[in-house]
Amino acid sequence: MSGDAGGPYLRSGQVAERAGVNVQTLRYYERRGLITEPARSPGGHRAYPPETVTLLTVIKAAQRLGFTLEEVAELIGDGRGGRPAPDLRARAQAKIAEVDARIAELSAVRQALTQVVSAGCGSLTRCACPDCPLPSTDLAG
């Protein structure tokens, strides 16, 4: 399939396969405005430019870094048309702070679970261990 300028265009399945996503994800990103709705071939098939694969790869990479689709849409919008995304660095720093906070929370959870294991707790509601770290040992009574 080729476009008006004679360049190659890809069908939905080809784009999805090359980007490592499924076709439903591709269509969802279109509905969300992350990907521009493509032109149609004379036969009515979606005709994506090859750079759509790169854009999808960028979107998935940003998600792996913890950015939500809404945040990705904002960052892509800032960077479209060759304009740099001026707040990417600030957003990445904010994301680092979020990750650090989650790590601290998970560390606290891990420490509490370690105390439960060390104390020998056998029940969440009727723990009989002498040094039970759980807040209430007789909730079922």
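The coordinates are above.
This is a predicted model, so every value here is computed, not measured.

What counts and how
- Residues numbered from 1 in each chain as written.
- Predicted model: local features only at pLDDT ≥ 70, side-chain atom pairs only at ≥ 80, totals over all residues.
- Heavy atoms only, no water.
- Salt bridge = Lys/Arg side-chain N within 4 Å of Asp/Glu carboxyl O.
- Helix = DSSP H or I, 4+ residues; strand = E, 2+ residues; numbered from the N terminus.
- Buried < 20%, exposed > 50% of the residue type's maximum accessible area, 1.4 Å probe, protein only.
- Contact = heavy atoms within 4.5 Å.
- Axes fitted to C-alpha atoms, helices over the stretch in contact; angles between N-to-C directions.
- Parallel < 35°, antiparallel > 145°, perpendicular 65-115°, else oblique.
- Left-handed = near helix turned anticlockwise from the far one by under 90°.
- Nonpolar A, V, L, I, M, F, W, Y, C, P; charged D, E, K, R; others polar.
- Core = buried A, V, L, I, M, F, W, Y, C linked by side-chain atoms within 4.5 Å.
- Expected span 1.5 Å × (residues − 1).

Visitor: Just checking my understanding: could you explain the pattern of salt bridges for this structure?
Guide: It is possible for side chains of opposite charge to pair when their charged atoms get near one another. One pass over the structure, following the stated rule, counts 5 salt bridges. Linking Glu71 and Lys95 is a salt bridge whose minimum nitrogen-to-oxygen distance equals 3.0 Å. Of this pair, Glu71 sits in helix 4 (residues 69–79) while Lys95 is found in helix 5 (residues 88–119), placing the two residues 24 residues apart along the sequence. When its relative accessible area of 22% is taken as the criterion, Glu71 is described as partly exposed. Glu98 is paired through a salt bridge with Lys95; the nearest N and O atoms lie 3.3 Å apart. Separated by 3 residues within a single helix, Glu98 and Lys95 lie in helix 5, roughly one turn from each other. Residue Glu98 is classed as partly exposed on the basis of its relative accessible area of 39%.

Visitor: Even after reading the chapter, I still don't get the side chain of Thr52, so can you show me in this structure?
Guide: Residue position: Thr52 is located in helix 3 (residues 51–64). In this view, Thr52 contacts Val15 and Ile35; residues no more than four positions away in its chain are not counted.

Visitor: In this structure, what is going on with the packing of helix 1 (residues 12–19) against helix 3? I would like to understand it.
Guide: Axis separation between helix 1 and helix 3 bottoms out at 9 Å; the angle between their running directions is 45 degrees. Taken together, the axes of helix 1 and helix 3 lie oblique to each other. As for how helix 1 packs across helix 3, the hand of that crossing is right-handed. Between helix 1 and helix 3, the residues in contact are Val15, Arg18 and Ala19 and Thr52, Val53 and Leu56, respectively. Residues of the contact of helix 1 with helix 3, tallied by class, amount to 4 nonpolar, 1 polar and 1 charged.

Visitor: What is the right way to read the nonpolar core from this model?
Guide: Residues Val15, Tyr29, Leu34, Ile35, Leu56, Ile59 and Val72 are the most contacted members of the largest nonpolar core, which totals 19 residues. Of all the elements in the fold, those that place two or more residues in this core are helix 1, helix 2 (23–32), helix 3 and helix 4. Those residues in contact with Ile59 that sit more than four places away from it in its chain are Tyr29, Leu34, Ile35, Leu69, Val72 and Ile76.

Visitor: Honestly, helix 5 in this entry has me stumped. Any pointers?
Guide: In an α-helix, one turn spans 3.6 residues; hence positions three or four apart end up facing the same way. For helix 5, with 32 residues, the first-to-last C-alpha span of 46 Å sits near the 46 Å given by 1.5 Å per residue. In the stretch just after helix 5, Gly120 is the one whose phi turns positive, near 80 degrees.

Keep in mind these values describe shape, not function.
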